[in-house]
Amino acid sequence: MIKKIGYSLVKSVLNLLLSVIFICVLLALIPDITADNYALRFKSYFITAVTFNYDISLARGFYISELVIDASQKTFLLIFVTLITVIMISLVIIILESLFNQNYILQIIVTVIKTISTLPVLIWASLLIFFAFIIWNAVPVYADLESDSLWIKTLVIALPVISLSLGDGMLMDFYLKIKNELSSLNQQQWVKSLRARGISTLKHKIRSLIVPIFNLVSSKITYLISGSIIVEYIFSWQGLGFLIWQVLMTPGAKDYPLLLACCKVLLITVIIISLIRDYIDFTLNPHLIEK
Amino acid sequence: MIKAVSSKLIFGLTILLTLVIAHIVNIFYPNMFNERSARNSPPSITLFQKLLYNNPIEEIEFISNWLFLEESDNEEVTRFERKYFLNAPNRTATVNKEYNYRPTNRSNNSVIYEVYSAPPNFEFRNQEFSWIPIKENVGAHTIILEAYDQESNKTFQIEYILYVNSSFLLFGSNNRGESVFGMIVKGASWTLVPGLIACFFGVILGLFFGAISGYYNNYFSNLIDNLSIVIESIPALIIIFLASVISGFNIYVIMIFVGIVLFPSNYENIKQTVISFKKSQFVESSKEIGFRNTTILWKDIIWSNCKTKIIKQISYCFVFSITIEITLSYLQIGIQPPNISWGMLLYEGRSMLLMGGYWLTVFPSMIIILTLSGFYFVGESLSRSLNPRS
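Residues numbered from 1 in each chain as written. Chains lettered and ligands numbered in written order. Predicted model: local features only at pLDDT ≥ 70, side-chain atom pairs only at ≥ 80, totals over all residues.

**Student:** Mind showing me how you'd approach the overall build of chain A here?
**Tutor:** Of regular secondary structure, chain A possesses 12 helices and 0 strands. In sequence order, the secondary structure elements of chain A are arranged as α-α-α-α-α-α-α-α-α-α-α-α. Over its C-alpha atoms, taken along the principal directions, chain A stretches across nearly 75 × 60 × 35 Å. Sequence-distant contacts in chain A: of pairs separated by 6 or more residues, those separated by 24 or more amount to 72%. (Helix = DSSP H or I, 4+ residues; strand = E, 2+ residues; numbered from the N terminus. Contact = placed C-beta atoms within 7 Å.)

Pasting the structure below:
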């Protein structure tokens, strides 16, 4: 098992290195009159990315590490809450479906949720702003995440989370995946034998559901990050995506080290989640353990 | 086949046809829907208006630039204006409705007015200015009246700007007075060509490399595998953001990068299918008969068995490229003015929501939803009807 984890670690580090090179190439290609030629720019960006020597952001006057940590906390909060919301909603729908098996209203609700979940994040966010500001007139626009009360924080995070979890087919994918996994679990022989003995199957089901859910999370995380960039801009959520957008929109020479740092944090997130998936797969999947 | 042509396909094809017609109209008749009206005027569809505000359109005040008379620098003129222009002229007029204005108080007869400059077909009787604007008069007009004050024996010129609206527009107007419907028609030209470019780089290259690397499993396929893993692990929007800044907000170059982003999933999909068919009975038998490898790969495996997947991929590619175009235009790093995109309309609508203007958010969103669902439906129903197993 250690061999396998080591192999996946080496693979991920290589992947990270290649994607950092790709980002550096793209950054070096941005037209900039004030800068050196492409090769020198690429070299300097790559050295900065590898040595973590980011220093102070000249445009903002803060340490880049401070800026990035502050912004990434907010982005990760958004992504984490969205993931939990999506998983909880799909679990609740599945449980309700199993309780009221052939309920006509529930079927209609599920079909509606499936259909509206295919809309892009941008449309969801625009329509939610429309409903929030014109019809409900209830959601606050801004909250201080450190000092304000939990209720106001929840209200402020509600709209971005709803638009992220409903947009781009996120909820539908999670719902279908979990439902398929559960139905295939129910047909397994060992589940039937446990039931026949009168033992609760809940603990075993949760254990065998963690692996596919984490597989899905790791495959969806890049989409979630892309969606979070849009949502952060629309709801003025001061996260990494907003920071990237701000840096790119500045005319003339851009704050390249800050841009590189933001991109690298997102890349490292993707890699770490794929590593965690591999680890969970090796430790929890009984088929892999046997081999 | 005829049975399989469902209502979904008809719905989707209608939407695609509408997009094509809009595209042709934009090319040959670019000013066809260029109507103008008052700034931020609500749409002529009263349903939303009644639902949201409980009052008809006529009662809503227009947010107009010409609300107040600009006071001139000359103090004497200003004093004169304050004395005799107590009833300020109405700044807006509507097409085919009579516009009347009597400049002074009826009790005061010491001032005699004449029209110095005004749009054609006006009438001036009994010191009263009346005009019925026609469709060609839509826009701003400067009306100059010349007044002769008998008490002080002086003449003054008073000018004001009259703004003529073209009645109410179908989807309302934005803060420059442009028709939202016309802008939506113009924005439709950014759906088909960018999607085709993204399709070429995403689907067709994915199909080509996927088929080759699935059939001839060699070092070349390993290389592309690793490359696609690297591209997949980078969030798509970061690549596209950087691409748009590199290209100077050129949508066609951005779409090449959208194709590159879509490449890995299409490549993997086709490759897995080819690998699964490679060891099947019919491939081995056609090898024994003596068919060439290229014939087996492209005709037997790809053409007969991957058609449905390719159609689905193409429809998804169009949906993705339209979504990316709208998103980038919303974030102001996509299509730039004076070109118009649906994303730009949504961006304008965001600031108008605070003033109660819903029409720049709701109508473009509806159109976008219809377009995306049209592409989905066409892809889904075509792939179902062409599937040999169904």
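Moving on from the model shown.
**Student:** Sorry, what's going on with the overall build of chain B here?
**Tutor:** A count of helices and strands for chain B gives 13 helices and 7 strands. Looking at the 390 residues of chain B, the share that counts as buried comes to 37%. Within chain B, counting contacts between residues at least 6 apart in sequence, those at least 24 apart form 73% of the total. (Buried ≥ 20, exposed ≤ 12 C-beta atoms within 10 Å, placed from the backbone.)

**Student:** Quick question: what am I supposed to make of the confidence of the model for chain B here?
**Tutor:** Any segment with low pLDDT has predicted coordinates that should not be analysed in fine detail. Residues and elements named next belong to chain B. Residue-level pLDDT values for chain B average 81, and 83% of them are 70 or greater. Scored below 50 in pLDDT, residues 54-71 shows 31 contacts in the model against residues more than four places distant or in partner chains. Across the interfaces of the predicted complex, the ipTM metric reaches 0.89, alongside a pTM of 0.82. (pLDDT = per-residue confidence, 0-100.)

**Student:** I'm lost on the pairing of strand S4 (residues 122-125) of chain B in this one. Help?
**Tutor:** All names here are of chain B. Strand direction decides the pairing type here: S4 and strand S5 (residues 128-131), joined by 4 bridges, are antiparallel. Of the residues in S5, the one forming a bridge with Arg125 is Glu128. The loop that links S4 with its antiparallel partner S5 comprises 2 residues; one of these, Asn126, has a positive phi angle of about 50 degrees. (Pairing = 2+ DSSP bridges.)

**Student:** Whenever I open this one, the sheet that holds strand S2 (residues 99-101) of chain B confuses me. Can you help?
**Tutor:** Strand pairs in the sheet, formed through backbone hydrogen bonds, run parallel or antiparallel to each other. Residues and elements named next belong to chain B. Strand order across the open sheet formed by 3 strands is S2-S5-S4, with antiparallel pairing between neighbours. If you trace the sheet from one side to the other, it starts and ends with S2 and S4, each paired once. Neighbouring strand axes in the sheet, compared pairwise and without regard to direction, differ in orientation by 15 degrees on average. (Axes fitted to C-alpha atoms, helices over the stretch in contact; angles between N-to-C directions.)

**Student:** How should helix H4 (residues 180-187) of chain B be read in this particular structure?
**Tutor:** The periodicity of an α-helix, 3.6 residues per turn, causes residues three or four places apart in sequence to face the same way. All names here are of chain B. Judged by how many residues are buried, H4 sits mostly within the fold: 8 of 8 residues are covered. Residues of H4 that are buried include every one of Val180, Phe181, Gly182, Met183, Ile184, Val185, Lys186 and Gly187, and no others. Against helix H1 (7-28), helix H12 (342-352) and helix H13 (359-386) lie the buried residues of H4.

**Student:** Sorry, what's going on with unusual backbone geometry here?
**Tutor:** Working note: non-glycine residues mostly have negative phi, and peptide bonds are mostly trans. In this structure, the amide linkage connecting Pro337(B) to the following residue, Pro338(B), adopts the cis form with an omega of 15 degrees. Tracing the backbone shows Pro338(B) in the loop between helix H11 (307-330) and H12. Unlike most non-glycine residues, Asp168(A) shows phi in positive territory, near 60 degrees. Relative to the assigned elements, Asp168(A) resides in the loop between helix H6 (150-166) and helix H7 (170-186). A residue is classified by how many C-beta atoms lie within 10 Å of it, and Asp168(A), with 25 of them, is buried. Within the chain, Gln332(B) stands out as a residue other than glycine whose phi angle is a positive 65 degrees. Its place among the elements puts Gln332(B) in the loop between H11 and H12.

**Student:** Any chance you could explain the domain arrangement of chain A here in plain terms?
**Tutor:** How large an interface is tends to be reported as the accessible area lost when its parts come together. All names here are of chain A. By the assigned domains, chain A splits into domain 1 (1-53 + 255-291) and domain 2 (63-252). Just the C-alpha atoms count here: the centres of domain 1 and domain 2 sit 25 Å apart. Each side of the interface is counted separately: domain 1 has 16 residues, and domain 2 has 18 residues. (Domains from an automatic or database assignment.)

**Student:** Explain the packing of helix H3 (residues 64-99) of chain A against H7(A) to me, please; I cannot follow it from the model alone.
**Tutor:** Describing two packed helices takes the angle between their axes plus the distance from one axis to the other. Residue and element names in this part refer to chain A. Between H3 and H7, whose axes approach to 9 Å, the crossing angle comes to 50 degrees. Taken together, the axes of H3 and H7 are oblique relative to one another. Crossing geometry of H3 relative to H7 is assigned as right-handed. Facing Val86, Ile87, Ile89, Ser90, Leu91, Ile93 and Ile94 of H3, the residues of H7 in contact are Met170, Leu171, Phe174, Tyr175, Ile178, Lys179 and Leu182. Residues that form the contact of H3 with H7 fall into these classes: 12 nonpolar, 1 polar and 1 charged. (Parallel < 35°, antiparallel > 145°, perpendicular 65-115°, else oblique. Left-handed = near helix turned anticlockwise from the far one by under 90°. Nonpolar A, V, L, I, M, F, W, Y, C, P; charged D, E, K, R; others polar.)

**Student:** Hey, could you run me through the interface of chain B and chain A in this one?
**Tutor:** Counting residues at the interface gives 32 residues for chain B, matched by 34 residues for chain A. Those elements that place two or more of their residues in the side of chain B that touches chain A are helix H6 (219-233), helix H7 (236-246), H11, H12 and H13 of chain B. No other element matches H7(B), which puts 7 residues into the side of chain B that touches chain A. Across the side of chain B that touches chain A, the residue classes break down as 24 nonpolar, 7 polar and 1 charged.

**Student:** Sorry, what's going on with the environment of Glu123(B) here?
**Tutor:** Along the polypeptide, Glu123(B) turns up in strand S4. Residues Glu123(B) and Val274(B), spaced 151 residues apart in sequence, show a C-alpha to C-alpha distance of 80 Å.

**Student:** Looking at this structure, how should I read the environment of Trp124(A)?
**Tutor:** Residue and element names in this part refer to chain A. Here Trp124 shows up in helix H5 (residues 121-136). Residue classification places Trp124 among the buried positions, given that 25 C-beta atoms sit within 10 Å. For the pair Trp124 and Leu166, spaced 42 residues apart in the sequence, the C-alpha separation amounts to 7.5 Å. For Trp124, the contacting residues outside a window of four places in its chain are Leu119, Ser163, Leu166 and Gly167.

**Student:** Can you walk me through the nonpolar core in this structure?
**Tutor:** Across soluble globular proteins, nonpolar side chains have a tendency to be buried as a group. Counting 140 residues, the largest nonpolar core has Leu27(A), Cys262(A), Val180(B), Ile184(B), Ile240(B) and Val258(B) as the members making the most contacts within it. For Val180(B), the contacting residues outside a window of four places in its chain are Leu169(B), Phe171(B), Gly172(B), Ser173(B), Asn174(B), Leu345(B), Trp359(B), Leu360(B) and Phe363(B). In terms of nonpolar packing, the next biggest core, distinct from the first, is built from 9 residues, Ala93(B), Leu145(B), Ile158(B) and Leu162(B) among them. (Core = buried A, V, L, I, M, F, W, Y, C linked by C-beta atoms within 7 Å.)

**Student:** Could you clarify how one ought to interpret the packing of H11(B) against H13(B) in this entry?
**Tutor:** Residues and elements named next belong to chain B. Contact geometry of H11 with H13 gives a least axis separation of 7 Å together with a crossing angle of 170 degrees. Between H11 and H13, the angle falls in the class roughly antiparallel. Contacts between H11 and H13 pair Lys307, Thr308, Ile311, Lys312, Ile314, Ser315, Tyr316, Phe318, Val319, Ile322 and Ile326 from the former with Ile368, Thr371, Leu372, Phe375, Tyr376, Val378, Gly379, Leu382, Ser383 and Leu386 from the latter. The residue inventory of the contact of H11 with H13, partitioned by class, reads 14 nonpolar, 5 polar and 2 charged.

**Student:** In this structure, what is going on with the confidence of the model for chain A? I would like to understand it.
**Tutor:** On average, residues of chain A score 86 in pLDDT, and 94% of them are at 70 or above. Within chain A, the element-level pLDDT minimum falls on helix H12 (residues 286-290) of chain A, averaging 66, and the maximum on H3(A), averaging 91.

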